[in-house]
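# Per-entry structural report
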Amino acid sequence: MTSTLPSLAPDIRLFGNVNEAMLSEFFRQQAEAKTSGPIVFELSTNGGDAEVGRRIAEELRLWQRKDTDIYFLGKTYVFSAGITIMSSIPKSRRFLTRDCELLIHERKMTATINLDGALRSCRAKVNDVLAEIESGQRLQSEGFAKLAEGTSLTAEEIDNRVLDKDWYLTAQQAVDHGLVEAVI
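Here is a short report on the structure shown in this document. (Residues numbered from 1 in each chain as written. Predicted model: local features only at pLDDT ≥ 70, side-chain atom pairs only at ≥ 80, totals over all residues. Heavy atoms only, no water.)

### Concerning the side chain of Ser-88
Here Ser-88 lies in the loop between helix H3 (81-86) and strand E4 (94-96). At 2.7 Å, the side chain of Ser-88 and the backbone oxygen of Ile-85 are in polar contact. (Helix = DSSP H or I, 4+ residues; strand = E, 2+ residues; numbered from the N terminus. Polar contact = N/O pair within 3.5 Å; in protein donor to acceptor, adjacent residues only side chain to side chain.)

If you want it as structure tokens, here you go:
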């Protein structure tokens, strides 16, 4: 693997909210991307749907298994679900523009539980929410492990950093922590 970005002209360029529209745009651009040589994947996002982020990340992982060299270029801001996407690219192929900020945080959830009825059905509703929380925590741990691969940080260290507050990093801090290869 090379430790330089092969081109400043991205083959795939995504920006905005991580949502179904971004996923659709990713598939469109992926279908039109060149079939030989390295691919530069550019992302600017304030985050969004964690599951859509995981889906784009998985598509990138699968694409790389076909011997496609994919390079990540984060521009200006890569927040939240964007970190999940970035994590699908090996650390040695992750690059940020000098103005880029990263945001790493715990998965978030908003839910209102309305308990009304037989105690058994109330307990089932509470258990469903607990199952969702447990699943989210498992996925978060797996995501932090992927982010930490090949870096100077462990998944536990990342988890501890975001325990008390969201973790914002400048591009240079991301390099210093070994999360990306270099600043462009």
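### Remarks on the nonpolar core
In terms of nonpolar packing, the biggest core is built from 38 residues, with Phe-41, Ile-56, Leu-60, Leu-102 and Ile-104 touching the most fellow members. Not counting the four nearest positions on each side in its chain, Leu-60 is found in contact with Phe-26, Phe-41, Ile-70, Ile-85, Ser-88 and Ile-89. Core analysis: the next-biggest nonpolar cluster, separate from the first, contains 5 residues, Leu-5, Val-40, Leu-73 and Phe-95 among them. (Core = buried A, V, L, I, M, F, W, Y, C linked by side-chain atoms within 4.5 Å. Buried < 20%, exposed > 50% of the residue type's maximum accessible area, 1.4 Å probe, protein only. Contact = heavy atoms within 4.5 Å.)

### Some remarks on the packing of helix H1 (residues 20-32) against helix H2 (residues 50-65)
It is at 9 Å that the axes of H1 and H2 come closest, and there the two elements cross at 15 degrees. Judged on the interaxial angle alone, H2 and H1 are roughly parallel. The two elements H1 and H2 cross, and the hand of that crossing is right-handed. On H2, the residues touching Glu-20, Met-22, Leu-23, Phe-26, Phe-27 and Gln-30 of H1 are Val-52, Arg-55, Ile-56, Glu-59, Leu-60 and Trp-63. Here the contact of H1 with H2 is composed, by residue class, of 8 nonpolar, 1 polar and 3 charged. (Axes fitted to C-alpha atoms, helices over the stretch in contact; angles between N-to-C directions. Parallel < 35°, antiparallel > 145°, perpendicular 65-115°, else oblique. Left-handed = near helix turned anticlockwise from the far one by under 90°. Nonpolar A, V, L, I, M, F, W, Y, C, P; charged D, E, K, R; others polar.)

### Topic: the packing of aromatic side chains
Across all of its chains, the model carries 5 aromatic pairs by this definition. Between the aromatic rings of Phe-41 and Phe-72, the centroid separation amounts to 6.2 Å while the plane-to-plane angle is 35 degrees, which identifies the pairing as tilted. In this pair, Phe-41 is assigned in strand E2 (residues 39-45) and Phe-72 in strand E3 (residues 70-79), connecting sequence segments 31 residues apart. In terms of burial, Phe-41 and Phe-72 fall into one category: buried. With a centroid separation of 5.9 Å and 90 degrees between ring planes, the pair formed by Phe-79 and Tyr-168 is classed as edge-to-face. With a gap of 89 residues between them, Phe-79 in strand E3 and Tyr-168 in strand E6 (residues 167-170) connect regions that are remote in the sequence. With a relative accessible area of 18%, Phe-79 lands in the buried category. The exposure class of Tyr-168 is partly exposed, given its relative accessible area of 44%. Site record: aromatic cluster; members linked through ring pairs are Phe-26, Phe-27, Phe-41 and Phe-72. (Phe/Tyr/Trp six-rings, centres within 6.5 Å; stacked < 30°, edge-to-face > 60°.)

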